[in-house]
Structure formats: structure tokens, C-alpha cells
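Understanding the architecture of this molecule
Given next are the chains, with one letter for each unit.
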Amino acid sequence: MTRILMVCLGNICRSPLAHGILKSKLPIDRFYIDSAGTAAYHIGNLPDSRSIKVAKTHGIDISDQSARQFKVSDFDTFNYIYAMDASNYNNIISLARNNKDIGNVKLFLEENASISNKNVPDPYYGDMSDFEHVFNILKSTSQLLSEKLIRNHL
Ligand code: 4NP
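Here's what I pulled together on the structure shown here. (Residues numbered from 1 in each chain as written. Predicted model: local features only at pLDDT ≥ 70, side-chain atom pairs only at ≥ 80, totals over all residues. Heavy atoms only, no water.)

So, the nonpolar core
Ranked by internal contacts, the top residues of the largest apolar core, which has 31 residues, are I4, M6, L17, L22, M84, F108 and L138. Contributing elements (two or more residues each) for this core: β1 (2–8), α1 (14–24), β2 (31–37), α2 (49–57) and α6 (128–153). Not counting residues within four places of it along the chain, the set of residues in contact with M84 comprises M6, V7, C8, R14, S15, A18, F108, K118, N119, V120 and L138. By size, the runner-up hydrophobic cluster in this structure holds 11 residues, among which are V7, F70, I81 and I92. (Core = buried A, V, L, I, M, F, W, Y, C linked by side-chain atoms within 4.5 Å. Buried < 20%, exposed > 50% of the residue type's maximum accessible area, 1.4 Å probe, protein only. Helix = DSSP H or I, 4+ residues; strand = E, 2+ residues; numbered from the N terminus. Contact = heavy atoms within 4.5 Å.)

Written out as C-alpha cells, the structure is:
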């Protein structure tokens, strides 16, 4: 089993979408996908209603997810940890115990050479058009990542 973790700040807007989209593109018996937030604000909450809505519009159900906080043992559980932006990346790295932990963490958008800004914008204070924009970025990047994972791990 290859395990992939998507991480943002609250685990209610961006990483639940990345989690749901990537999961929809990979065989469930070979890939385990999860998401977490570096902050504790929303532990136990459903994804933001706007993330649930934009995912549903595109045929993906993320309403079974509940927010949790990133924990040090995630470095042991997951083969790949993807941060949604540089701030989340730095938060994760600050918890790393060694170079092996650090080596498994990347910015998610490093998987997409056609996007130059490597930060997925935080849509929390935005509107549905911001969530739609985030969905499209996450969808195109998840497609590229799923192709790479299938090439390397299937
Ligand atoms: P996320 O968005 O990191 O994509 O889940 C946010 C959610 C909540 C907050 C900030 C960003 N917040 O400040 O509560």
C-alpha cells in the first residue's frame, strides 16, 4: 500500500479537496489517501460547506471526511506528504525529527510544472469562485500525480 497525505492549515478547505480528488483517481486497494491540517482549529469538523459543494458539482463526495491535525507519527505512516502552501510546508518541517522525515515532504504543486506559483491559494475568506479555482488547480495536479504514482507504484 502506498500512503499519501495532503496537508493544509485547517483541513477543511484545500486538503479535503486534494484528498477526495486524488482518491477518485487511484485504485483503493493499492493507495491510501488522507488529509490533515497543521492547525487545531477545526478538529472533528466536516469540510467547509463550499468545498463539499464544489466537489459535489464535479461528482466527488467529500462529506464523509472529518478534520484532524497533522501529527509526528504521520511521518512514519505516509510515503508522501504534500503541503498546500509554503506556510504549511514550514509548519510540517518544523515537526520533522530527521532528514528522512524532511525528504518525504513536498509542496503539492511541485507535481505540476505548468503552474508557476507553488502555493494553492487559501479560499477560506473567499467565495465560490475561489473554491472553483482551487478545485481546478487541485484536479489538474492530482491527474499528473496519479499518473506518476501509477507508473511508479502499480
Ligand atoms: P484550509 O483553509 O487550510 O484550506 O483548510 C483554512 C481553513 C480555516 C482557516 C484558515 C484556512 N482558519 O483560519 O480557521
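Quick word on the site of the ligand
Near the ligand you find C8, L9, G10, N11, I12, C13, R14, Y41, H42, D122, Y124 and Y125, and these make up its full shell. Within the contact set of the ligand, an oxygen atom lies 2.9 Å away from a backbone nitrogen or oxygen of L9. A distance of 2.7 Å separates an oxygen atom of the ligand from a polar side-chain atom of R14. With the chains in place, 92% of the 360 Å² that the ligand exposes on its own is no longer accessible. (Near = heavy atom within 4 Å. Polar contact = N/O pair within 3.5 Å; in protein donor to acceptor, adjacent residues only side chain to side chain. Areas by Shrake-Rupley, 256 points an atom, 1.4 Å probe, with all protein chains shown as cover.)

Observations regarding the pairing of strand β3 (residues 80–83)
Pairing of β1 with β3 involves 4 bridges; the strand directions are parallel. Across the sheet, the residue bridging to I4 is Y80, located in β3. As paired strands, β3 and strand β4 (residues 105–107) are joined by 3 bridges and run parallel to one another. Within β4, the position partnered with I81 by the bridge is V105. (Pairing = 2+ DSSP bridges.)

Notes on the packing of α1 against α6
Between α1 and α6, whose axes approach to 9 Å, the crossing angle comes to 45°. What the angle tells us is that α1 and α6 run oblique. For the crossing formed where α1 meets α6, the hand is right-handed. Note on element contacts: α6 touches α1 through V134, F135, L138, K139, S142, L145, S146 and L149, opposite R14, L17, A18, I21 and L22. Looking at the contact of α1 with α6 residue by residue, the class counts come to 9 nonpolar, 2 polar and 2 charged. (Axes fitted to C-alpha atoms, helices over the stretch in contact; angles between N-to-C directions. Parallel < 35°, antiparallel > 145°, perpendicular 65-115°, else oblique. Left-handed = near helix turned anticlockwise from the far one by under 90°. Nonpolar A, V, L, I, M, F, W, Y, C, P; charged D, E, K, R; others polar.)

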